[in-house]
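# Fold and geometry: a report
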Amino acid sequence: FLMIRRPPRSTRKESSAASDVYKRQVRGVMSQRLVRTLCSHCKQLEPTDIDGWQSLVGDYPVVMPEVLYRPVGCKACRDTGYRGREGIYEVLVADAGVQNVITDSHDIRQIRERSVVAGMMPLRVAGAEKIARGETTLEEVMRVAPALDD
């Protein structure tokens, strides 16, 4: 995710100029992570971990699947339970609302909140969609994607 930090010795005037440059130049920011995909030959069903699902998606309206899959291991996946990787993505579009919250203080939480209001889907929510389709596991998404409040 975009992290903007003010240099320790910058003056207020330099910092203000820097935020103006960011406002004019940044059109969007993308974050991505790779998650291991479950082997289609050996994955097995298991009941959904309600607490785990809730900690993954937080307050986002993502439908919880009735069942999840877990890795097992076979010859096709070399006994790992996984075969290949796929990306999960988070895209922040720097619209006028996001540009307005880019200030001298560079409050990343405020920028993130405004981005979510504008429709940005966090990495964990993107991962939850792959979990619901049986492509990866809850543990795998939680391992690679930062918590929603970070």
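Structure: above.
Residues numbered from 1 in each chain as written. Predicted model: local features only at pLDDT ≥ 70, side-chain atom pairs only at ≥ 80, totals over all residues. Heavy atoms only, no water.

To continue, consider helix α5 (residues 123-132). In terms of burial, α5 is a largely internal element, eight of the 10 residues being buried. By the burial criterion, the buried members of α5 are Leu-123, Arg-124, Val-125, Ala-126, Gly-127, Ala-128, Lys-130 and Ile-131. Those residues of α5 that are buried are in contact with β1 (28-38), α2 (50-57), β3 (67-70), β4 (82-93) and α6 (138-144). Note on α5: the residue one or two positions beyond its end, Gly-134, has a positive phi of about 80°. (Buried < 20%, exposed > 50% of the residue type's maximum accessible area, 1.4 Å probe, protein only. Helix = DSSP H or I, 4+ residues; strand = E, 2+ residues; numbered from the N terminus. Contact = heavy atoms within 4.5 Å.)

This part covers the packing of aromatic side chains. Scanning the model with the defined rule gives zero aromatic pairs in all. Its end group placed over the ring of Tyr-82, Arg-36 keeps NZ or CZ at 4.0 Å from the ring centre. (Phe/Tyr/Trp six-rings, centres within 6.5 Å; stacked < 30°, edge-to-face > 60°. Lys NZ or Arg CZ within 6 Å of the ring centre and 35° of its normal.)

Within the secondary structure, Gly-73 sits in the loop between β3 and β4. Sequence-wise, Gly-73 and Gln-44 are 29 residues apart; in three dimensions their C-alpha atoms are separated by 9.9 Å. The residues contacting Gly-73, other than those within four sequence positions of it, are Cys-42, Asp-79, Thr-80 and Gly-81.

Let us look at the environment of Leu-123. In this fold, Leu-123 is placed in helix α5. Through-space distance from the C-alpha of Leu-123 to that of Tyr-89 is 5.7 Å; in sequence the pair is 34 residues apart. When neighbours within four sequence positions are excluded, Leu-123 is seen to be in contact with Ser-31, Gln-32, Arg-33, Ile-88, Tyr-89, Glu-90, Ala-145 and Pro-146.

Across all of its chains, the model carries six salt bridges by this definition. Where Arg-112 meets Glu-90, a salt bridge forms, and the shortest distance between an N and an O atom there is 3.5 Å. Separated by 22 residues along the polypeptide, Arg-112 in helix α4 (residues 108-117) and Glu-90 in strand β4 bring together distant segments of the chain. Given a relative accessible area of 14%, Arg-112 falls into the buried group. Glu-90 gets classed as buried once you look at its relative accessible area, which sits at 3%. (Salt bridge = Lys/Arg side-chain N within 4 Å of Asp/Glu carboxyl O.)

Once that is clear, we can look at α4. Inspection of α4 places Ile-111, Arg-112 and Ser-115 among the buried residues, and these make up the whole buried set. Burial along α4 is one-sided: seen end-on, the buried residues are contained in an arc of 100°. Structurally, α4 contributes buried residues whose contacts are with β4 and α3 (96-101). Among the residues trailing α4, Gly-119 stands out with phi positive, at a value near 115°. (Arc of directions from axis to C-beta.)

This part takes up a nonpolar patch on the surface. On the surface, a nonpolar cluster with roughly 390 Å² of combined accessible area is contributed by Met-30, Tyr-89, Val-91 and Val-93. The dominant element in the nonpolar patch, judged by the number of residues it contributes, is β4, at three residues. Residue Met-30 is classed as exposed on the basis of its relative accessible area, which comes to 51%. (Patch = residues over 30% accessible without salt bridge, like charges linked within 9 Å, V, L, I, M, F, W, Y side chains within 5 Å. Areas by Shrake-Rupley, 256 points an atom, 1.4 Å probe, with all protein chains shown as cover.)

Trp-53, Leu-56, Ile-88, Ile-131 and Val-141 are the most contacted members of the largest nonpolar core, which has 14 residues in total. Among the elements of the structure, α2, α5 and α6 are those that each provide at least two residues to this core. Beyond its immediate stretch of four places on either side in the chain, Ile-131 contacts Trp-53, Leu-56, Leu-68, Thr-136, Thr-137, Leu-138 and Val-141. If you look at the next biggest cluster of nonpolar residues, it comprises nine residues, including Val-26, Ala-94, Ile-102 and Ile-111. (Core = buried A, V, L, I, M, F, W, Y, C linked by side-chain atoms within 4.5 Å.)

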